[in-house]
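Summary of structural features
Below, each chain spelled out in residue letters.
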Number of protein chains: 2
Amino acid sequence: MFDLTRPRARIVSFARFLALGAVLALAAPALAQTDPLPSWNDGAAKQAIVEFVEATTTEGGADFVPVPERIATFDQDGTLWVEHPVYSQLVFVLDSVPALVKAKPELADQEPFKTVLSGDLAAVAKLPKEDLEKLLMETLTGMSVDDFRASATKWMAEAKDRRWKRPYNDLTYLPMQEVMQYLRANGYKTYIVTGGGQDFVRSYAEKTYGVPPEQVIGSALGTSYGYDKAGKPFLTRDPKLLINDNDAGKPESINLMIGRRPYAAFGNTAGDQQMLEYTAAGDGRRLAMLVLHDDAVREYAYGPAQGLPDTKIGAMSQALYDEAVKDGWIVISMKDDWKRIFAFD
Amino acid sequence: MFDLTRPRARIVSFARFLALGAVLALAAPALAQTDPLPSWNDGAAKQAIVEFVEATTTEGGADFVPVPERIATFDQDGTLWVEHPVYSQLVFVLDSVPALVKAKPELADQEPFKTVLSGDLAAVAKLPKEDLEKLLMETLTGMSVDDFRASATKWMAEAKDRRWKRPYNDLTYLPMQEVMQYLRANGYKTYIVTGGGQDFVRSYAEKTYGVPPEQVIGSALGTSYGYDKAGKPFLTRDPKLLINDNDAGKPESINLMIGRRPYAAFGNTAGDQQMLEYTAAGDGRRLAMLVLHDDAVREYAYGPAQGLPDTKIGAMSQALYDEAVKDGWIVISMKDDWKRIFAFD
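Note that the coordinates shown come from a computational prediction; the quantities given were computed from them, not determined experimentally. (Residues numbered from 1 in each chain as written. Chains lettered and ligands numbered in written order. Predicted model: local features only at pLDDT ≥ 70, side-chain atom pairs only at ≥ 80, totals over all residues.)

If you tally the helices and strands in chain A, you get 13 helices and seven strands. Taking all 345 residues of chain A together, 41% fall into the buried category. Residue pairs in contact within chain A that sit at least 24 positions apart in sequence constitute 62% of those at least 6 positions apart. (Helix = DSSP H or I, 4+ residues; strand = E, 2+ residues; numbered from the N terminus. Buried ≥ 20, exposed ≤ 12 C-beta atoms within 10 Å, placed from the backbone. Contact = placed C-beta atoms within 7 Å.)

The next subject is the packing of helix α10 (residues 249-257) of chain A against helix α11 (residues 273-280) of chain A. Residues and elements named next belong to chain A. Closest axis-to-axis distance for the α10/α11 pair is 7 Å, and the angle between their directions is 55°. As the angle between them shows, α10 and α11 are arranged oblique. Here Lys-250, Pro-251 and Ile-254 of α10 lie close against α11, whose contacting residues are Gln-274, Met-275 and Tyr-278. Looking at side-chain class alone, the contact of α10 with α11 contains four nonpolar, one polar and one charged residues. (Axes fitted to C-alpha atoms, helices over the stretch in contact; angles between N-to-C directions. Parallel < 35°, antiparallel > 145°, perpendicular 65-115°, else oblique. Nonpolar A, V, L, I, M, F, W, Y, C, P; charged D, E, K, R; others polar.)

All right, on to the interface of chain B and chain A then. Each side of the interface is counted separately: chain B has 26 residues, and chain A has 26 residues. Of all the elements in the fold, those that place two or more residues in the side of chain B that touches chain A are β3 (216-227), β4 (233-243), α10 (249-257) and α11 (273-280) of chain B. The dominant element in the side of chain B that touches chain A, judged by the number of residues it contributes, is α10 of chain B, at five residues. Class assignment for the residues of the side of chain B that touches chain A results in 16 nonpolar, four polar and six charged.

Before going further, it helps to examine the nonpolar core. Formed by 143 residues in total, the largest nonpolar core has its most connected members in Ile-192 of chain A together with Ile-192 and Ile-332 of chain B. Sequence-distant contacts of Ile-192 of chain A, that is, excluding residues within four places in its chain, are made with Phe-74, Gln-76, Val-201, Ala-205, Tyr-209, Val-211, Gln-215, Val-216 and Ile-217 of chain A. (Core = buried A, V, L, I, M, F, W, Y, C linked by C-beta atoms within 7 Å.)

Here the focus is the domain arrangement of chain A. All names here are of chain A. Segmenting chain A into domains produces domain 1 (36-85 + 165-337) and domain 2 (88-149). In this structure, domain 1 and domain 2 have C-alpha centres spaced 28 Å apart. Across the contact, 14 residues belong to domain 1 and 13 residues belong to domain 2. For the side of domain 1 that touches domain 2, the secondary-structure elements that each account for two or more residues are β2 (189-197), α9 (198-209), β3 (216-227) and β4 (233-243). By residue number, the principal contributor to the side of domain 1 that touches domain 2 is β4, which donates six residues. Residue composition of the side of domain 1 that touches domain 2, grouped by class: six nonpolar, five polar and three charged. (Domains from an automatic or database assignment.)

In this section: the relation of the copies chain B and chain A. Its rotation angle being 180°, the transformation that places chain B on chain A also includes 0.0 Å of axial translation and leaves an RMSD of 0.0 Å. Look at the turn and shift together and you get a two-fold axis relating the two. Among all C-alpha atoms of chain B, that of Met-257 of chain B lies closest to the rotation axis, at 3.1 Å. A symmetric contact is evident, with 100% of the interface residues of chain B recurring at the interface of chain A. (Least-squares fit on C-alpha atoms with pLDDT ≥ 70 in both.)

A few words on the sheet that holds strand β7 (residues 330-333) of chain B. Residue and element names in this part refer to chain B. An order of β4-β3-β2-β1-β5-β6-β7 is seen for the seven strands of this open sheet, with the pairing classed as mixed. Both edges of this open sheet fall to β4 and β7, since each of them pairs with a single strand only. Direction aside, the axes of adjacent strands within the sheet are offset by 35° on average. Alignment of strand β2 (residues 189-197) against β3, held across four bridges, turns out to be parallel. From the neighbouring strand, Val-193 faces β3, where its bridge partner is Ile-217. (Pairing = 2+ DSSP bridges.)

Before going further, it helps to spend a moment on the environment of Tyr-191 of chain B. For Tyr-191 of chain B, the position within the fold is in strand β2. Taking the C-alpha atoms as reference points, Tyr-191 of chain B and Glu-214 of chain B, separated by 23 residues in sequence, lie 8.6 Å from one another.

Residue and element names in this part refer to chain B. In this fold, Trp-40 is placed in the loop between α1 (5-32) and α2 (44-57). Given 22 C-beta atoms within a 10 Å radius, Trp-40 is considered buried. Between the alpha carbons of Trp-40 and Gln-76 there is a distance of 19 Å; along the sequence they are 36 residues apart. Apart from the residues within four sequence positions on either side, Trp-40 is in contact with Lys-46, Pro-175, Asp-337, Trp-338 and Lys-339.

Residues and elements named next belong to chain B. Relative to the 22 Å expected for 16 residues at 1.5 Å per residue, helix α3 (residues 88-103) spans 23 Å between its end C-alpha atoms, a close match to the ideal helical length. Of all bends in α3, the biggest is about 35°, found at Val-97, and the proline Pro-98 comes one to four residues later. All buried positions along α3 are accounted for by Ser-88, Gln-89, Phe-92, Val-93 and Val-97. Tucked into the core, α3 has its buried residues touching α4 (113-118), α6 (129-140), α7 (145-158), β2 and α9 (198-209). (Expected span 1.5 Å × (residues − 1). Bend = angle between axes of the 7 residues up to and from the residue.)

Along the chain, His-84 of chain B connects to Pro-85 of chain B via a cis peptide bond; the corresponding omega equals 0°. Note on placement: Pro-85 of chain B falls in the loop between β1 (71-74) and α3. One non-glycine residue, Lys-165 of chain A, lies in the positive phi region at around 55°. Located in the positive-phi region is Asp-247 of chain B, a residue other than glycine, with phi close to 55°.

As a further point, take the confidence of the model for chain A. Residues and elements named next belong to chain A. For chain A, per-residue confidence averages 88 on the pLDDT scale, and 87% of positions sit at 70 or higher. Counting contacts from residues 1-31, a segment whose pLDDT is below 50, to residues more than four positions away or on other chains yields zero contacts. Here the complex is predicted with pTM 0.88, and the ipTM for its interfaces comes to 0.88. (pLDDT = per-residue confidence, 0-100.)

A few words now on the sheet that holds β3 of chain A. All names here are of chain A. Judged by pairing direction, the sheet is mixed, and its seven strands sit side by side in the order β4-β3-β2-β1-β5-β6-β7 without closing on themselves. The sheet is open, and its two borders are formed by β4 and β7 (330-333), each paired with just one other strand. Going across the sheet, the axis of each strand differs from the next one's by a mean of 35°, ignoring polarity. Alignment of β3 against β4, held across seven bridges, turns out to be antiparallel.

All names here are of chain B. Residues Ala-264 and Phe-266 of strand β5 (residues 264-267) are buried on one face, and the alternating residues Ala-265 and Gly-267, pointing to the opposite face, are buried as well. Both β1 and β5 contribute to a ladder of three bridges, which runs parallel. By the bridge assignment for β5, Thr-73 is matched with Ala-265. As paired elements, β5 and strand β6 (residues 287-292) share four bridges and run parallel to each other. The partner of Ala-265 across the bridge, within β6, is Ala-288. Handedness of the crossover is the feature at issue here: the chain leaves β5, passes through α11, returns alongside β6, and the resulting connection is right-handed. (Right-handed = clockwise from strand over helix to strand, strands pointing away.)

Moving on to the pairing of β1 of chain B. Residues and elements named next belong to chain B. Here β1 shows two buried faces, one formed by Ile-71 and Thr-73 and the other by Ala-72 and Phe-74. Sheet topology places β1 next to β2; four bridges connect them, and they run parallel. Directly across from Thr-73, in β2, lies its bridge partner Tyr-191.

Written out as structure tokens, the structure is:
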């Protein structure tokens, strides 16, 4: 009679050994990936993000969210990259003036173009609202959508920020890039929801953030469909604001363009308040976070960190900061929560 | 001395045999999958779709399109499902009137509600434009976005088409469902671009077509952000048309909501003309197709197939049919190109 006990035991052991090997093989990369947010210091903000992702992606858990519903929205200026002391889009507008005046020489002696050409930024900052609107309309409208995108792409490739002497798309916050990648790796679609111009941001968002144009929502002009002399159709940018993607405009445009309520939203200014409220008011677990600019050395300090009122460029107001604390939104301190701010640090 | 010739030959043969086996093993499922469009008859229309997909997805080919740029847009009514003799959304509007009058009894004696309640569809069809607008505003606006979606979802689950006695979402064209699936299986994002109400279509598109809400573009109302008594934010549907997604409105809204030009577009009426022109005018290989309603037995025949002018419900006009032929767009004959029309056939 054959004794099957020993060989069987050996087979079982071998199977266990194989299984253990498989577990180790799987565990090794998992262990290597345990920190999806390496540029974040340990603390309440980092913990909130990790716990949110784990809770909403754990199948069978009370807070599980099916993949198609995983939507996260991010304000851009001051949330994903530097907005201080001026929005990059405003620099683009000012930089567009010389070519505009070359094409329309009669503008050289007219305001606001005269002041812009003088290079006196303090005087530009004091231009009346009507002049600023005229400046925006002349530089941002009247051309085809394709031509506008080409000029925005060209500008972004050449322009440099004055403080760091680097292209603007180097000035994205590394910790926020990590949050976007971490969310995407967990089935979330990441959207940019910006008060900035939709076509402008779309011209660089895919390269800069890995966010495709159809996931960039911004302030948008109406366009008109027409034909060139050869009968080829094209779209012209009209001097008419179709979507003002600030304040209440943010949840309104999220509904228009996505049709789902986000599970997570990130902002930094009063213009993001309604997007965060709308996100937080949804059923189940949600995440609402505000970036606080309190690092005067590595970036800038403005808003409540300085005891200052809401500034022109839209820093977080004391009132918004207080609402955030009251409603349990998480405030991200750039100074304390971020180990690194930029990839080039 | 060993003669290595024979064993080597045998090894080579065996390798060839193995390779042949591998080829056969790979070929078997490939053969089983050779027809991605089983409800289509062989012909120019089917061939155009298959050749387009193969040309734009073959890496290294002259017409290769990178995955992120693979966008296909579909009109809905008359292109993806039955639109004749009335749009389902109009039935939804008429079906909403009794509940509306119950909530606002003073409307019962007012036009157009009185005529709608009479059930006389011929009289409803003759209502003046102002009355129709009043009807649409009363039934489609003033409620919260969430409440509207819930009522649209409920209606779609209960309502039945009069001819086939089936839910409306059974009346999608099986051959077009196959085209959508075939495109998605080849990396295309499929969008619905409809003149119908965006929120209405979004309420069933994911279940009906596998198209998520963020890929449904339609005529859209403005919304207003506000708070209920408990301070919870919500969006109200305003009586203001923000996007009229017909005619030139289609390429304009594609630019607004996607920000990329489609590589393929499918329509059936004059309202789709600009979307098809805009698609076809892009660089590289594009596909523009029109569904012709010429099957009086299995569905309906209207438009140029009957020598009829463009009808109120927007069938393809003779002019559009002629433009299609001139510009090399492909006309799909429902009668000749489709082996089956509905999944329940």
